[in-house]
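Here is what each chain is made of, one letter per residue.
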Amino acid sequence: MLRLLPANLTGAWGSPALRVREVTGLPEKFQGFGRCTITVWVLRQVSGGWLGPMAPPKCLLVPESHRFDCYPERRVVVTQELCESRGCCFIQSPPPAEGKQGVPWCFYPPDFPSYTLESLNQTALGMVGVLVRREKAYYPRDIQKLRLDVEFETDTRLHIKITDAANPRYEVPLDVPQVMKRAENPIYSLNFSWDPFGVLLQRKATGTVLLNTTVAPLIFADQFLQISTSLPSKFLYGLGEHRDRFLHSLDWNTLTLWARDVPPTESFNLYGAHPFYLLMEEDGNAHGVFLLNSNAMEVVLQPAPGLTWRTIGGVLDFYIFLGPDPNMVIQQYQQVIGFPAMPPIWALGFHLCRWGYGSSNETWQTVRAMRNYQIPQDAQWNDIDYMDGYRDFTLDSQKFTSLPSLVEDLHKHGQHYVMILDPGISSTSPHGSYWPFDEGLRRGLFLNTTKGQPLIGQVWPGFTAFPDFSNPDTHQWWLENLQHFYSHVPFDGLWIDMNEPSNFMDGSEHGCPPGELDSPPYTPAVLGDSLSAKTVCASAEQKVSVHYNLHNLYGLMETKATASALVKIRGKRPFIISRSTFPSQGRYSGHWLGDNRSQWKDMYYSIPGVLSFSLFGIPLVGADICGFSGSTSEELCTRWTQLGAFYPFARNHNTQKEKAQDPTAFSPAARTAMKDVLLTRYSLLPFLYTLFHRAHLQGDTVARPLFFEFPGDVATWELDRQFLWGRSLLVTPVLEPGVDSVTGYVPRGMWYDFYTVRSIAAVGDGCPQTLSPDCSHPCRSLPAQGSSVNSSGELLKMSAPLEHLNLHIREGSILPTQKPGTTTEVTRGNPLRLIVALSSDATAWGDLFWDDGESLDTFEKGNYSYVMFNVTQATKVTIGTLSIFGVQKPPSKVLLNGQEKPFSYLDNQVWPHFRVPFAGWGSPS
């Protein structure tokens, strides 16, 4: 917001010409600010004075941190006259630092008119109420009567919805659970302020106020909905998609949610929209809030601490999750939006791509080079190069004529092929020459203008039409196109890009029509200052609603159509990576963090990005390793490959006309370092695959912030340069150039150096390795390998030469691993190894989920093995008999540590016959 500065302020800001006034006994309405004694700093006139009269006393009562913006419009110079025309307070504040927003000069007074709770009645699931506004607010088509619905859905989940009491409004077409009975013992208490209306939500066990919406008025107009709340702490995460630190700043920070094609940049709205936040309370408890709304919105964070939701359509449909620990909050959130899909195991291998492979033969050469150096690779990708004129479902018959043979070769080597698809369908081919457009036009499957004609924009192939994926008929057309292409190129997965949807024009070839969909009364702080900036017109017509409502859902709807098609075509788990995302996306696809740059800061920002999408229920996430645009360096790419080997989704990808950055393109030393860390990833595939099973089953995170495991350790709440795999493996990457050490935080407890453990376990040739805290040597400056540490919860400097990534195993953990191969298929055929890291009380546990790695619904159908490992004491135990139930047919042999053992088979049971001490037993196969 642009605001005029007062004239002649020399010597005023921060000068000693101040007087202090203490105010007590505030009016009841003001108590929503959560204070009963407020110190007010009033500037005395120094030279020239204020423009206009002194602000009213009621305005001076409002501390700066509690000033909720009454005039949020950008590109407007907010004057006292404009502000007071809305009935708001106007007090000028010091100018903010460059790039910052600063304290609003126009803010709500404590007595600004809001809604009144006129009635409230009990229902079977909760309550229903009526809200009435007797004085109109300042946006057009103010809705004077609202309906309040409250459902106590579970003991840890509360559902509050506010909508028009008289007329239906657009609501997000997302399947959410429908409860049948009211929660019996909720861990929260809910109260209301009647006049003005407000929600007050508390945690019963601690009395912590989680929501208090009396801090600012509720506004509910047709195209402007706003509600504010106080927050119990400043530790807030989520609200994607943005490039930012994992922990958001509450220093007057506005986060806009409107899907947009733009390289990740601070302060911009990016590819997806996720109106969900997680907040850590001061005592270590956690809660989350989800606003189920797909319209353009912004969320304003301020240092009170406070938050304002501001959206331009739909309804206010809130879910609040009470945890009480952060892991449980994310699980409860996914109970509403859906748990993520179980990926095929090859999706967890290493992927390689670039825009700029000149031909299928050049692509093939890269694959062969990776094989020659025995560097792990599971999937080879192609960008839009493979297409004829960048048109979907076509193949360049000159440069990519050997692509079917390449795919056949990949399959013979246990590898997979993934290709890109964009939603824009070329509209310029001669009639009858391009079936995707001709047939889509005949069936009426594209987004239309307000005149009922296909909206034409421009993307890579030139002028394009955009499929309407809200129309079920479009799903069938999409399937038919994919089936036809699959018959020539049997791809294994799909990369759907540009699906915000991206448009090289603003709106369409003819712009956008006048009206309040494309030019609403209020436009959130979107990049480009227009809803149609580099996308289609908000007034575009779709089957379900107008694009104004569905824009943020476009990528999700395309993904659902794509996942359905892949299941029908291949009969296996679909593998999809989508750029644009919305809540529930994890049920259908993974995500990559977009067109990053080959810069050190981009590598750092990938960690907050991965952790944020873990919160959003999309665990299959990663960034382009080594960076997409620009040229990487050998050092940067080596360090990034080390980090990227621990992204849940690991892909190296770069742009055209830049030097190659696949592992084979570098010196022997760098190539070896990259190969080693990828082999480390492959050795951990059983552990990683099990983490994804737990994500699919109950919403656990895979890449995990440290504070999820140590919520009582406040020092972990701001950490975003390290992360965990599950609960057990701590990853501390190097994120700076020219260093041979890294400082990382090691939470309280015993942590074992992974490489020492792995090398000892390897000597055992398949035996588990049990480590005890008794043999540790705690130190505060650790060498690259060989040391474990008994930490008190502290920062430690760790040796990190270029070839080394610091990995530590948490005490009390059992990690299932395998001898790594160059593909997941080869790796899965190798013996399992267990790594046991005992806690101080000589206990440890872990688990293993195992199936065929690709079939649909193996868990749901019972076609899997699940083994839990548990150590309760460090004494030596000899195992004489092992019974395995559920074996469908007699095994050909049973191996223990590579040696064949006798066994008995009867009625689907196998009894291997052996005697072996616990510290040396391995898994029979």
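In this text, all values refer to a predicted model and were calculated from it rather than measured experimentally.

## Digging into the overall build of the protein
Secondary structure summary: the protein contains 17 helices and 54 strands in total. Among the 925 residues that make up the protein, the fraction classed as buried is 62%. For the protein, the proportion of contacts with a sequence separation of at least 24, taken over those separated by at least 6, is 70%. A total of about 34300 Å² of accessible surface is found on the protein, and carbon and sulfur atoms cover 51% of it.

## Structural notes on helix H7 (residues 472-486)
Because an α-helix completes one turn every 3.6 residues, residues spaced three or four positions apart along the sequence face the same direction. Counted at 1.5 Å a residue, the expected span for H7 with its 15 residues is 21 Å, and the 21 Å between its end C-alpha atoms agrees. All of the buried residues in H7 are Thr 474, Trp 477, Trp 478, Leu 479, Asn 481, Leu 482 and Phe 485. Against strand E25 (416-421), strand E26 (425-426), helix H6 (435-443), strand E29 (493-496) and helix H9 (554-570) lie the buried residues of H7. Two to three positions downstream of the cap, the backbone nitrogen of Asp 473 sits 2.9 Å from a side-chain oxygen, assigning the N-cap of H7 to Asn 471.

## Observations regarding the sheet that holds strand E16 (residues 235-240)
By definition, the strands of a sheet pair up through backbone hydrogen bonds, in either a parallel or an antiparallel sense. Spatial strand order, E7-E8-E9-E10-E22-E19-E18-E16: eight strands in an open sheet with antiparallel pairing. In this open sheet, the two edge strands, each paired with only one partner strand, are strand E7 (115-122) and E16. Averaged over all pairs of adjacent strands, the angle between their axes in this sheet comes to 15 degrees, without regard to strand direction. Pairing of strand E8 (residues 126-133) with strand E9 (residues 145-154), which is carried by seven bridges, proceeds in the antiparallel orientation. Within E9, the residue paired with Leu 131 across the bridge is Leu 146. Packed on one face of the sheet, helix H3 (residues 326-337) meets strand E10 (157-164), strand E18 (274-280), strand E19 (286-291) and strand E22 (316-321) and runs near 25 degrees to E19.

## Details of the packing of helix H10 (residues 600-615) against helix H11 (residues 634-644)
One way to put it is that H10 packs onto H11 with a least axis distance of 10 Å and a crossing angle of 5 degrees. The orientation of H10 with respect to H11, classified from their angle, is roughly parallel. From H10, Trp 600, Asp 602, Met 603, Ser 606 and Ile 607 reach across to H11, where they touch Glu 635, Leu 636, Arg 639, Trp 640 and Leu 643. Its residues placed into classes, the contact of H10 with H11 shows six nonpolar, one polar and three charged.

## Things to note about the state of the cysteines
Applying the stated criterion across every chain, the model contains five disulfides. Each sulfur of the disulfide joining Cys 59 and Cys 89 lies 1.9 Å from the other. On the S-S bond that ties Cys 59 to Cys 89, the torsion sits near -75 degrees, and the link is left-handed. Of this pair, Cys 59 sits in helix H1 (residues 57-60) while Cys 89 sits in strand E5 (residues 89-90), and the two are 30 residues apart along the sequence.

## Observations regarding the sheet that holds E26
Strands sit in the order E26-E28-E27 across an open sheet of three strands; the sheet is antiparallel. Strands with a single pairing partner mark the edges of an open sheet, and in this sheet they are E26 and strand E27 (456-459). Here four bridges tie E27 to strand E28 (residues 462-465), and the two strands are oriented antiparallel to one another. In the strand pairing of E28, Gly 457 is matched with Thr 464.

## Quick look at unusual backbone geometry
Going from Asp 195 to Pro 196, the amide bond is cis rather than trans, its omega being 5 degrees. For the peptide bond that leads from Gly 323 to Pro 324, omega is 15 degrees, which places it in the cis range. Following the sequence through the fold, Pro 324 ends up in the loop between E22 and H3. At Arg 141, a residue that is not glycine, the phi angle is positive and equals roughly 55 degrees. Relative to the elements of secondary structure, Arg 141 occurs in the loop between E8 and E9. Residue Arg 141 is classed as partly exposed on the basis of its relative accessible area, which comes to 39%. Although it is not a glycine, Asp 529 adopts a positive phi angle of roughly 60 degrees. Relative to the assigned elements, Asp 529 resides in the loop between E29 and helix H8 (547-550). The exposure class of Asp 529 is partly exposed, given its relative accessible area of 41%.

## Focus on the environment of His 547
Examined against the element boundaries, His 547 turns out to sit in helix H8. Judged by relative accessible area, which is 0%, His 547 ranks as buried. For the pair His 547 and Asn 295, spaced 252 residues apart in sequence, the C-alpha separation works out to 9.4 Å. For His 547, the residues in contact, after removing those within four places along its chain, are Leu 447, Pro 501, Thr 535, Val 536, Cys 537, Ala 538, Ala 540, Gln 542 and Tyr 554.

## As for the confidence of the model for the protein
Confidence in the prediction of the protein, expressed as mean pLDDT, is 90, and 87% of residues score 70 or more. Confidence drops under a pLDDT of 50 for residues 763-767, and excluding neighbours within four residues, the segment shows eleven contacts in the predicted structure.

## Things to note about the packing of aromatic side chains
A ring pair, where both rings are aromatic, is described by two values, the distance of the centres and the angle of the planes. Scanning the entire structure with this criterion turns up 49 aromatic pairs. When the ring of Trp 460 is compared with that of Phe 504, the centres are 5.0 Å apart and the planes differ by 85 degrees; the resulting orientation is edge-to-face. Placement of the pair is Trp 460 in the loop between E27 and E28 and Phe 504 in the loop between E29 and H8, with a sequence separation of 44 residues. Its relative accessible area of 34% is what places Phe 504 among the partly exposed residues. Ring centres 6.1 Å apart and planes at 40 degrees place the aromatic pair Tyr 689 and Phe 849 in the tilted group. Note that Tyr 689 is positioned in helix H13 (residues 685-698) and Phe 849 in strand E47 (residues 844-850), a separation of 160 residues in sequence.

## Remarks on the environment of Pro 376
Mapping Pro 376 onto the fold places it in the loop between helix H4 (360-372) and strand E24 (379-382). The class for Pro 376 is buried, based on a relative accessible area of 0%. Taking the C-alpha atoms as reference points, Pro 376 and Leu 679, 303 residues apart in sequence, are found 6.7 Å from one another. Excluding anything up to four places from it in sequence, Pro 376 contacts Phe 350, Met 370, Lys 675, Leu 678, Leu 679, Tyr 682, Gly 821 and Thr 822.

The rules behind each value
Residues numbered from 1 in each chain as written. Predicted model: local features only at pLDDT ≥ 70, side-chain atom pairs only at ≥ 80, totals over all residues. Heavy atoms only, no water. Helix = DSSP H or I, 4+ residues; strand = E, 2+ residues; numbered from the N terminus. Buried < 20%, exposed > 50% of the residue type's maximum accessible area, 1.4 Å probe, protein only. Contact = heavy atoms within 4.5 Å. Areas by Shrake-Rupley, 256 points an atom, 1.4 Å probe, with all protein chains shown as cover. Expected span 1.5 Å × (residues − 1). Polar contact = N/O pair within 3.5 Å; in protein donor to acceptor, adjacent residues only side chain to side chain. Pairing = 2+ DSSP bridges. Axes fitted to C-alpha atoms, helices over the stretch in contact; angles between N-to-C directions. Parallel < 35°, antiparallel > 145°, perpendicular 65-115°, else oblique. Nonpolar A, V, L, I, M, F, W, Y, C, P; charged D, E, K, R; others polar. Disulfide = S-S within 2.5 Å. pLDDT = per-residue confidence, 0-100. Phe/Tyr/Trp six-rings, centres within 6.5 Å; stacked < 30°, edge-to-face > 60°.

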